[in-house]
Amino acid sequence: MELRQIETFLAVAELGSFSRAAERLGYSQSAITMQIKQLERELGVRLFDRLPRGAQLTDRGRAFAFHAQELDSCCARAAASVRVEDGADAEMVGTVRIGSVESISTAILPDLLVAFHDRYPAVELVVRTERIERLIAETLDNRLDLFVTMDRSVSVRGLTRTLLAEEDIVFACAPALAETLGALTMDRLAEIPLVLTEHGESYRLELERQLAERDRQLHPIVETGNTETLVHLAERGVGVTFLPRLSVASSLARGELVECAVAGMQRVHMASQLFYHREKLLTPAIAAFVELLEEQFGNTAG
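This section reports on the structure supplied with the text. What you are looking at is a predicted structure, and each value in this text was computed from that prediction instead of being measured.

The next thing to look at is the packing of helix α10 (residues 227–235) against helix α11 (residues 245–254). For the pair α10 and α11, interaxial distance at closest approach is 10 Å and the crossing angle is 25 degrees. Between α10 and α11, the interaxial angle falls into the category roughly parallel. The two elements α10 and α11 meet at a crossing, and its hand is right-handed. Judged by residue contacts, T227, V231 and E235 of α10 engage S247, V248, S251 and R254 from α11.

Have a look at this one:
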């Protein structure tokens, strides 16, 4: 097994195409095909299903992909290690690939990334914002080192989970709109202007469940997956939003938003959770990021 074959395998796995992998790596498509066939013969398994819509990993291919990513990362770390001085005071290097849902990306990650960069300026941080289903898949395939989400407490086969904090989901709007709307009840939620996350977000689902018990439905005037956009719309008086308190904390502190109590509403809260693969080798850089992440959420919770 050669490192070139590993690189080729990972390119095909990521792109889902032999031809696109050939373009990226600068090989002919026939050379890519030959390398993959050689690798499959050596391993004694089929790694890809060749389908009309592209190359898709088999179950054994997905299992191999995790360790192939580890090998690729190990080679990168080995190369980086000779570019810094030896000794206990050598500068930490490497790459940390971080996944996150939108609410965490806008509320927590910016300050966290700045703090981490200040401590470890030679470490490269790669951040992806996706829905939780995609984050799980990419962590299982080792395309992400870890991810942070806000959802109901869940366990995922093959992943290690750490509970970071619990967060209330709250209604908030501009002070002038709050005064105009007056006292809010569950029955009135179907009538007031709402700016909400897209359908399917965990805490919106919980809100819809409670309304369904009263035979009511939501009719938001704006739906978007971008949490920061919802905060800005709420600040400008467009409507009432329903977001994790950490997402609106700064606006509440500045007085640009006020929290709105809703009579008859049961408390909605979600858990901020960290996940990484159970077989993941936590490099010093990844371990340092996890430590700072737990510290940051500890400070936020307090």
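Time to look at the nonpolar core. In terms of nonpolar packing, the biggest core is built from 65 residues, with L146, F171 and F242 touching the most fellow members. Apart from residues lying up to four places away in sequence, F171 is in contact with L189, L207, V240, T241, F242, V258, E259, C260, V262 and M265. Judged by nonpolar contacts, the second largest core, of 19 residues, contains A11, A21, L47 and F64.

Okay, the packing of helix α2 (residues 18–25) against helix α3 (residues 29–43) next. The geometry of α2 relative to α3 is characterised by a closest axis approach of 8 Å and an angle of 110 degrees between their N-to-C directions. Taken together, the axis directions place α2 and α3 in an arrangement best described as roughly perpendicular. Contact with α2, carried on its side by F18, S19, A21, A22 and L25, involves Q29, I32, T33 and I36 of α3 and no other residues of that element. Among the residues making up the contact of α2 with α3, the classes are represented as six nonpolar, three polar and no charged.

Counting through the fold element by element, A172 comes out in strand β6 (residues 159–173). A relative accessible area of 0% places A172 in the buried class. In this structure, the C-alpha to C-alpha distance between A172 and P244, residues 72 residues apart in sequence, is 10.0 Å. When neighbours within four sequence positions are excluded, A172 is seen to be in contact with A234, G239, V240, T241, L257, V258, E259 and C260.

Within the structure shown, the criterion is met by seven aromatic pairs. Ring plane angle 15 degrees and centroid distance 5.0 Å describe the contact between F147 and F275, whose orientation is recorded as stacked. One end of the pair, F147, is in strand β5 (residues 146–151); the other, F275, is in strand β13 (residues 269–277), and 128 residues separate them in sequence. On the numbers, 4.5 Å between centres and 35 degrees between planes, the contact of F171 with F242 is tilted. Of the two residues, F171 sits in strand β6 while F242 sits in strand β10 (residues 240–244), which places them 71 residues apart along the sequence. Taking the relative accessible area as the measure of exposure, F171 reaches 4% and is therefore buried. On the basis of relative accessibility, which here comes to 2%, the residue F242 falls in the buried class. Counting every residue linked through ring pairs, the aromatic cluster contains F9, F18, F48 and F64.

Quick notes on the rules
Residues numbered from 1 in each chain as written. Predicted model: local features only at pLDDT ≥ 70, side-chain atom pairs only at ≥ 80, totals over all residues. Heavy atoms only, no water. Axes fitted to C-alpha atoms, helices over the stretch in contact; angles between N-to-C directions. Helix = DSSP H or I, 4+ residues; strand = E, 2+ residues; numbered from the N terminus. Parallel < 35°, antiparallel > 145°, perpendicular 65-115°, else oblique. Left-handed = near helix turned anticlockwise from the far one by under 90°. Contact = heavy atoms within 4.5 Å. Core = buried A, V, L, I, M, F, W, Y, C linked by side-chain atoms within 4.5 Å. Buried < 20%, exposed > 50% of the residue type's maximum accessible area, 1.4 Å probe, protein only. Nonpolar A, V, L, I, M, F, W, Y, C, P; charged D, E, K, R; others polar. Phe/Tyr/Trp six-rings, centres within 6.5 Å; stacked < 30°, edge-to-face > 60°.

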